[in-house]
Every structure is written in C-alpha cells, then in structure tokens.
Amino acid sequence: MRLEDKVALITGAGTGIGEAIAHKFAREGARLWLNGLPGDPVEEVAAALRAGGGEAEAFPGDVSEEARARACVEAALRRFGRLDVLVNNAGIFIAHAETDAYRLEDFDRTLRHNVRTAFLMTKFALPHLRQTRGNIIFTGSEAGCNGSPMFTPYGGSKGFLHAFMKGVALEQARYGVRANCVCPGPIDTAWTRGTEGPIPLTAQEHIGAGVPLGRRGTPEEMANIFAFLASDEASYVTGALWLADGGVTPAKDNSGELVPEDLRRPPAGALPLRHSHDGLRGKEVYRAGK
Ligand SMILES: NC(=O)c1ccc[n+]([C@@H]2O[C@H](COP(=O)([O-])OP(=O)(O)OC[C@H]3O[C@@H](n4cnc5c(N)ncnc54)[C@H](O)[C@@H]3O)[C@@H](O)[C@H]2O)c1
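In this convention, every chain numbers its residues from 1, walking through the sequence in written order. Only residues with pLDDT of 70 or above have their local features reported here, since the model is predicted, and side-chain atom pairs are shown and tallied only from 80 upward, although totals for entire chains, interfaces and linings are computed over all residues.

1. A short note on unusual backbone geometry
What is expected of a backbone is that most residues other than glycine have negative phi and most peptide bonds are trans.
Phase 1: With phi around 70 degrees, D5 is a residue other than glycine that occupies positive phi space.
Phase 2: Under the scheme used here, helices are H or I runs from DSSP no shorter than 4 residues and strands are E runs no shorter than 2 residues, and both carry numbers assigned from the N terminus. Within the secondary structure layout, D5 lies in the segment before β1 (7-10).
Phase 3: One non-glycine residue, R133, lies in positive phi territory at about 50 degrees.
Phase 4: By the element assignment, R133 lies in the loop between α4 (104-132) and β6 (135-139).
Phase 5: Neighbour density around each residue's C-beta defines its exposure: 20 or more other C-beta atoms within 10 Å make it buried, 12 or fewer make it exposed, and counts between make it partly exposed, where C-beta atoms are placed from the backbone. Look at R133 and you get partly exposed, because 14 C-beta atoms sit within 10 Å.

2. Remarks on the packing of helix α1 (residues 16-27) against helix α8 (residues 219-230)
Phase 1: Axis definition: a line fit to C-alpha positions, over the contact stretch in the case of helices; interaxial angles, taken between N-to-C directions, run 0 to 180 degrees. Taken N-terminus to C-terminus, the directions of α1 and α8 make an angle of 50 degrees; their axes are 8 Å apart at the nearest point. By the angle class used here, α1 and α8 are oblique. In this structure, α1 crosses over α8, and the sense of that crossing is right-handed. Every residue of α8 that contacts α1 at G16, I17, E19, A20, I21, K24 and F25 is listed here: P219, E220, M222, A223, N224, F226, A227 and A230.
Phase 2: Tallied by class, the residues present in the contact of α1 with α8 amount to ten nonpolar, two polar and three charged. Roughly parallel here means an angle under 35 degrees, roughly antiparallel means over 145, roughly perpendicular means 65 to 115, and every remaining angle is called oblique. Left-handed describes a crossing whose near helix is turned anticlockwise from the far helix through less than a right angle; right-handed describes the clockwise counterpart. What counts as a contact here is a pair of residues whose C-beta atoms, placed from the backbone, lie within 7 Å. Charged means Asp, Glu, Lys or Arg here, nonpolar means Ala, Val, Leu, Ile, Met, Phe, Trp, Tyr, Cys or Pro, and polar covers whatever is left, Gly included.

3. Side note on the nonpolar core
Phase 1: Each nonpolar core reported here comprises buried Ala, Val, Leu, Ile, Met, Phe, Trp, Tyr and Cys residues connected via C-beta atoms within 7 Å. Of all hydrophobic cores here, the largest spans 63 residues; its most connected members are A8, A22, L32, L34 and F226.
Phase 2: Not counting the four nearest positions on each side in its chain, A22 is found in contact with I10, A13, L32, L34, V45, L49 and A56.
Phase 3: Formed by twelve residues, the second largest nonpolar core is a distinct cluster that contains A95, A143, M150 and F151.

4. A short note on the site of the ligand
Phase 1: We call a residue near a molecule or strand if the C-beta atom, set from the backbone, is within 6 Å of it. Near the ligand, the surroundings consist of 31 residues, among which G12, G16, G91, T189 and G279 are the closest.
Phase 2: Here the shell around the ligand takes three residues from α1, the largest share from any one element.
Phase 3: For the shell around the ligand, the class distribution of residues is eleven nonpolar, 18 polar and two charged.

In short, shape yes, function no, at least from these values alone.
What follows is the structure, encoded as structure tokens:
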C-alpha cells in the first residue's frame, strides 16, 4: 500500500473528485481527515471508509474562513498527531456567462472558494508538513493553463493555483516538502453533467468532441494520479503541473468526434463512489446566454 500510515487531509472530500481521492487514499492505507462545506456528504464518505476498515474522520466547515481553516488543520493534528499530505481540492464552478455579464459576486465567490481556501490550508499545514517531509497536491485545471470562455474567472483562479503551487514547491524544497498540481480536463461530476451545473445541457452533449480521447474523465482516474503524487514513489516530483485532461491542452480541433463509440467508454473503476454528482447541491448557480 503506497500511503500506509500516512495522514492525509483532503478538502472538498464529500463529493466528486474529492470523494474519489478519499476512497483511493484509504485503499492505499492512508488515515484521512476529510473536509467539506457544511451540508456536503463528508460524514457519509468518512462513514463508508470506516465501514470498509479504514480510518477516516469528517471535519465540515468552510475553509475559506481563516478560523475554520486553522481549526481544520489543528483538529487533524490532535486526532492523528501528524500530517503527511494536504490535498487542496475544494472549489466551486458556479457561473456560465461572458465576462461582461459575469457577476462580481460570482467572481468574488470563485476566488474565495478556489484560491483563498488553498492559501489558508497551505499556510496552516506547512509547519506540520515540514515535520514529516510531507507534500501538498492542488487540484488545478486545464482551464488554468488554457483559459476558458464563459467562465474566465474560474480559469484565472486555477492559473493562480498553478503559480502558487510552483512558488510553494521552490520555497519549501529545502525542508523536504514537495508540492504538485493535478490539472483535470472535463471530469464526470456535477460540474459537467446534469441540471445542477452551470453548463447548459446542449453544451454538455458536445464536451467529448473537444477532448481527443472523446470523453469526460472519471473521478477515479483523477484519484489514481493523486495517490501517486502523494506517495514516496513521487519523491523526485515537485513543482509539477500534471495534466490529466484527455488531451484537451494540445488539441487543435474537435478530434474527439473521431473516437469510435467503444473507445469512449470510461474504465469501470474499482471505487464505490456515491456522491460523484452531488457537489453543486444547494449552491447558487448563475447562467447567462448559451
Ligand atoms: N469536474 C471537472 O470537470 C473539473 C475540471 C478541472 C478541475 N476540477 C477541480 O476539481 C476539484 C473538485 O471538483 P469536482 O468536479 O469534484 O466538484 P465537486 O463540486 O463535486 O467538488 C468540490 C467540493 O469542494 C467543496 N467546497 C467548495 N468550497 C469549499 C470550502 N470553502 N470549504 C470546504 N469545501 C468546499 C464543495 O462543496 C464540493 O463538495 C475542484 O477544485 C475543481 O476546480 C474539476
């Protein structure tokens, strides 16, 4: 098991990619401290992991608030006595509008939940990660490399994380702390499928066309990469942006349409995920135009 006895704190762990990371890390032997917003099914994820023999505790709270972020890290330390891995995965994707129609309140919310969360958690976790020569993994996005029409501030928030991660990696290398960033393309969560997300249903039908592999990625396919980066197998990897976008970044056209139907089927996966599409439940989402 690649994460045996390591203690990992995962934000946004109640749903989507975060839920998958929690299950994957548990299978690799990690002890888990799971954070999500109040109302996220983070306790259910922790209970499912405990039922499977794992060690996992839930700590609900909005970690864009300084006091909650600090308390989240401190409570993990009290419970487990150490911290080896921080996964800055929490984020929101709550608006679909051209930039001039993008509401200021949505811009502010996006920065608060995508950027401030990661800064605060990194700030409070670093002293403990230095003790264990641990590591941090951010969830970035191909949108942070390429930009994204109709959600330009979201792409910008992820671009911030990419540069922030690199700075942290360079700064903390002298203490043996690594930092890396996984950059997903369109993943099969509430953000890209269903009626609760900001992407109109007609546009959702065409997502695969822009992906050379012809389909959305699965949360588990992302979790596999997090598990590697968190482990000692990745001991020489730091400051890295790990694209996991089905080829979106170098794509030049809608070549996903050329992928035959049978190759567009995602792998079955091994994790018993229950909340892949619950991430936007209860969140206000704004759409303007197509
Ligand atoms: N789904 C995609 O297509 C995609 C693509 C690229 C990157 N990502 C990134 O993956 C990560 C997970 O997204 P997902 O698709 O699994 O969506 P999701 O909505 O299922 O997961 C995000 C979770 O973060 C939680 N969260 C948000 N703000 C928080 C805060 N302040 N404190 C605590 N928890 C908070 C949410 O409630 C939610 O449970 C995000 O960082 C996102 O930017 C997703």
